[in-house]
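# Examining the three-dimensional arrangement
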Amino acid sequence: MKKIYEQLTDKQPWEGLFMGNHAIARAMLEAGVKVITSYPGSPTPEIAEALNTVPKEMRNYHFEWATNEKVATEVAFGSSINGNLSVVFFKSVGLNVAADSLVQLGLMNLTGGLVVILGDDPGANSSQNEQDNRHFARMSYIPVMEPATPTEAYKMFLEAAKLSKKHQMPVILRLTTHVCHAKELISFGAIGESKGFKADFDSKNGPYLPITKTVFPLKKKAMEKLDLIRKESERSPFNKIYSPFGCKDINGKKLGIISSSMPALSIMENLDKAGKPVDLLQINFSYPMPEEMIADFLNGKDEVIVIEELDRLMEYEIKALAFDRDIKCRIHSRKTHEDIMGELTSDRTWDILSACWPEVFESGIKPVAQPFNNPRIAQMCPGCGHRSAFHAIKKALPEGTVTVGDIGCHSLGFFEPYNMGEMLLSMGHSNGTAAGLTIGNDKRKVLAFIGDSTFFHAGLPAIINAVLYDHDFTLVVMENGTTAMTGHQPHAGTGEIGEKISIDKLLESIGVKFIRRVDTYQQSKLTEYITESLNHKGFSVVIASHPCMLKFMKQQRKREGFVQKHVEVDQNKCEKHLTCIEDFGCPSFVKNDDGSITVNEDLCIGDGSCRPTCPVSAIDFKKEAK
Amino acid sequence: MKDLNIYMCGVGGQGIGLLAEVMLRACYKAGYDVKGVDTHGLAQRGGTVVSHLRIGKKIHTPLIPPGKADIVIALERLEGARAASEMLSEEGKIIYYDAQYQTIGNRLGKFKYTSVEELEDTVKAKNGDSVRVFEEDLSDPRMQNVVLIKKIIELEWIPGMDTEKVSESLGELMKGKILEKNLELLNKEVK
């Protein structure tokens, strides 16, 4: 058994099955990256997971989980202008948080180089939208590379690092969810001798201060750099033609397809299957676009369709290019709103091709897929402290109370049976939104949730605002002592990075007058505190705390002599009130056909948080067989 | 060498990650070009988790379109039925471990939990094969993975993937007592 860190740090070239995110971590070590920063968010946290497997004494790089994506970007910027090759990575919507600083990077002379890795999420697999971050790149004058496979992610990172150092400008490596998580055979190169950290900042390398008129020379330089990069994309091996059967006349016309990254792979499958002599131009080094290459492609075709995932960016630029150069090729677009949504898998690219050229790509036999109407919605884990919290809080809410959700495992509280946290914008929005809901409102109570990692990430400014105006709502900090949803990364309040920063003391110091702390397993106490806090006039906070039980149980199971406990339902006592199932909602409970309630022992962790919820005390710890 | 689309599914927490990793490695060792991809993130919290594995001579993308899975490997009955309905191809094959994890909708009485007949009828309607697996005295639910793989080897659904290649793959992913237990289960004589 070879550990991930042994594979990552092996100085010799090797070949093996590897995940896209882990391949990028290897690429960082091969490229000699010195500083890497991030804030956790799917689909990218496995990059850090891999980097963090390397024992501290073996690392010649610095990795840090920053408080949020903006801070992460700034740390990477600072280390880059000191002469160190740096990387910042985060998820799609993380870019919105980072944007204030990120949009400036293109204007700066990044002497050490800086690669921005984005984990975009077409299909919104684990995000609140599927925003297309290629827009941001255009706004910020930053080149974009879009790998289609883990192998390409690895190779393109190396290329991005090289270009970034050469042109002293940021380069975006835009991944999508199923590139990050795909696995395949990858051939890696060698790791060279590592160099030390540099501290070479010199303002003469700049200027680094964009104020009024100094902005213009910086902007001009950014655009000139993009012109140089365009030349690189013209000759990049990542932009290429796939032509399995050559390009021949079909009904008197030569046809072509322009696509990029993963959808281009889907189209390759379509072409292989159809056996049609249609050319595909795959543009993975996508911004700035290789204009000459595209013009040549268009000139050789009578009709071309542009199929890109999400928004129409390449399409409009290609149409403008054809117009400017008076190219006569007819350029088609995707036809429906649905085509702008979700991942373009091979069945979908086939349908798009079929809608464009029905005589070439026949609309196939309808797939045998039938929708299965029995949804399995994600739920909080057995023993989750948030479940106890929702159960206890619900009891205290007067009719008409508005509950404001936020991002984290507790977002799942919106689903049955709790239905709490009724709106969601972004990380840390809950306090601002809650404040707005209270204005001119003396009829309905307002209660907001926030997780502990999010509290530090983007929660504080709105909390300070609530304190200043004494907005009349209650904030519940759903504290689980980790960044749980993304895989248990540390944050400022966990004490795993530096000394633990106390949420309670922070709140006190900014003048919050009503603060209560309770372990969520003490449900009646939590209910009491919520009632009290809602009656408090002005801003109030209840810290509803319990460690993440998924993390806790993982640690427990590793301990010598660990015995798994369970609860059981006493069938003689049970009067079928169904509180355990219908209100508390732990997934460990099973409702049998005869109406009886039993426990699924594969799921139950024996935490016992369900016991106080039974009105007739029919649930208790099972006396395990010795 | 025929291309095969292998779709794996289960409920978050059942250990589908290991199943997928062992299958990926064993198929690679059997000489296939392999491309795989797992679900990460939100759905891992008790939701449906899936893993796509495509094997063959030359594979471009890891994602299996709906209705195009030649083989479905399910760790749970309802998820098996879902995959049979949405992912299984005409004349496809499904093997499922008959663990039963109710959904919140099942417990609230809004949806009925799937019966074995319902699952099998779905497969029959596609002229496919279904194989149910269940072992009464399995000490650790996470070993259901290996029980399924053992059965797939016996059924010879994936030409070239044999006990040796699976054992090697397990050896790359685990060690000590857990490895011993899994290998013991894999090599156990079939009664």
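Cut-offs used in this document
- Residues numbered from 1 in each chain as written.
- Chains lettered and ligands numbered in written order.
- Predicted model: local features only at pLDDT ≥ 70, side-chain atom pairs only at ≥ 80, totals over all residues.
- Helix = DSSP H or I, 4+ residues; strand = E, 2+ residues; numbered from the N terminus.
- Rg over C-alpha atoms; globule rule 2.2 N^0.38 Å.
- Core = buried A, V, L, I, M, F, W, Y, C linked by C-beta atoms within 7 Å.
- Buried ≥ 20, exposed ≤ 12 C-beta atoms within 10 Å, placed from the backbone.
- Contact = placed C-beta atoms within 7 Å.
- Nonpolar A, V, L, I, M, F, W, Y, C, P; charged D, E, K, R; others polar.
- Axes fitted to C-alpha atoms, helices over the stretch in contact; angles between N-to-C directions.
- Parallel < 35°, antiparallel > 145°, perpendicular 65-115°, else oblique.
- Left-handed = near helix turned anticlockwise from the far one by under 90°.
- Expected span 1.5 Å × (residues − 1).
- Arc of directions from axis to C-beta.
- Domains from an automatic or database assignment.
- Pairing = 2+ DSSP bridges.

Secondary structure summary: chain B contains seven helices and six strands in total. Secondary structure elements of chain B, listed N to C terminal, follow the sequence β-α-β-β-β-α-β-α-α-β-α-α-α. A globule of 191 residues ought to have a C-alpha radius of gyration of about 16 Å, and chain B, at 16 Å, matches this closely. Across its three principal directions, the C-alpha atoms of chain B cover 45 × 35 × 35 Å.

The biggest cluster of nonpolar side chains holds 160 residues, and the ones touching the most others in it are F157 of chain A together with M8, C27 and V72 of chain B. Beyond its immediate sequence surroundings of up to four residues, C27 of chain B is in contact with Y32, V34, L53, I55, I158 and M161 of chain B. L475, L526, V542 and A544 of chain A belong to the second-largest nonpolar core, a separate cluster that totals 40 residues.

Next up on the list: the interface of chain B and chain A. Every contact between the two is made by 50 residues of chain B and, on the other side, 49 residues of chain A. Residue assignment for the side of chain B that touches chain A shows that the elements contributing at least two residues are α1 (16-29), β2 (33-38), α2 (77-86), β5 (88-97), α3 (104-107) and α6 (163-173) of chain B. Residue composition of the side of chain B that touches chain A, grouped by class: 22 nonpolar, 17 polar and 11 charged.

With that settled, consider the packing of helix α2 (residues 20-31) of chain A against helix α7 (residues 150-167) of chain A. Residue and element names in this part refer to chain A. Where α2 meets α7, the closest approach of the two axes is 8 Å, and the angle between their N-to-C directions is 30°. Put simply, α2 runs roughly parallel to α7. The handedness of the crossing between α2 and α7 is right-handed. Of the residues in α7, those touching α2 at G20, A23, I24, R26, A27, E30 and A31 are P150, A153, Y154, F157, L158 and A161.

All names here are of chain A. Taking 1.5 Å per residue as the helical rise, helix α5 (residues 94-105) with its 12 residues ought to reach 16 Å, and the 16 Å between its terminal C-alpha atoms agrees with that figure. For α5, the complete set of buried residues consists of G94, L95, V97, A98, L102 and L105. Taken around the axis of α5, the buried residues stretch over an arc of 140°, which confines them to a single face. Against the buried residues of α5 lie α4 (69-80), β4 (86-91), β5 (114-120), α6 (134-140), β7 (170-176) and α16 (452-469).

Residues and elements named next belong to chain A. The peptide bond linking S42 to P43 adopts the cis configuration, its omega dihedral lying at 15°. Positionally, P43 belongs in the loop between β2 (35-38) and α3 (45-51). Y287 connects to P288 through a cis peptide bond whose omega is 0°. One can find P288 in the loop between β12 (285-287) and α11 (291-299). Positive phi, close to 50°, is recorded for N251, a residue that is not glycine. You can call N251 exposed: it has 9 C-beta atoms within 10 Å. Positive phi is not limited to glycine here, since D470 has a value of about 50°. Turning to its location among the elements, D470 is positioned in the loop between α16 and β17 (474-479). Judged by the 12 C-beta atoms lying within 10 Å of it, D470 is exposed.

Moving on: the domain arrangement of chain A. Assigned domains of chain A: these are domain 1 (4-232), domain 2 (239-356), domain 3 (385-553) and domain 4 (563-621). For domain 2 of chain A and domain 3 of chain A, the distance between their C-alpha centroids amounts to 48 Å.

Before going further, it helps to examine α2 of chain B. Residues and elements named next belong to chain B. Where burial is concerned, most of α2 is hidden: 10 out of the 10 residues are buried. Inspection of α2 places R77, L78, E79, G80, A81, R82, A83, A84, S85 and E86 among the buried residues, and these make up the whole buried set. Buried residues along α2 sit against β1 (4-11), β3 (48-56), β4 (69-74), β5 and α4 (116-125).

Further remarks concern the sheet that holds β17 of chain A. Residue and element names in this part refer to chain A. Ordered by their spatial adjacency, five strands build an open sheet running β15-β16-β17-β19-β18, and the pairing between neighbours is parallel. Every other strand in the sheet has two partners, leaving β15 (402-404) and β18 (514-519) as the edge strands with one partner each. When strand polarity is set aside, the average angle formed by the axes of neighbouring strands in this sheet is 20°. Sheet topology note: the strand β16 (residues 446-451)/β17 ladder contains five bridges and is parallel. When the sheet's bridge partners are listed, G451 is paired in β17 with M478. Contacting β16 and β17, α16 crosses the sheet at an angle of about 95° to β16.

All names here are of chain A. Put simply, α11 and helix α12 (residues 314-324) touch, their axes get as near as 10 Å, and they point 70° apart. Judged on the interaxial angle alone, α12 and α11 are roughly perpendicular. Counting all contacts with α11, which are made through E291, I294, A295 and L298, the residues of α12 involved are I318, L321 and A322.

Bringing the environment of N82 of chain A into the picture now. All names here are of chain A. Its location among the elements puts N82 in the loop between α4 and β4. Taking the C-beta count within 10 Å as the criterion, N82 has 18 such neighbours and is therefore assigned partly exposed. Between the alpha carbons of N82 and Y154 there is a distance of 25 Å; along the sequence they are 72 residues apart.

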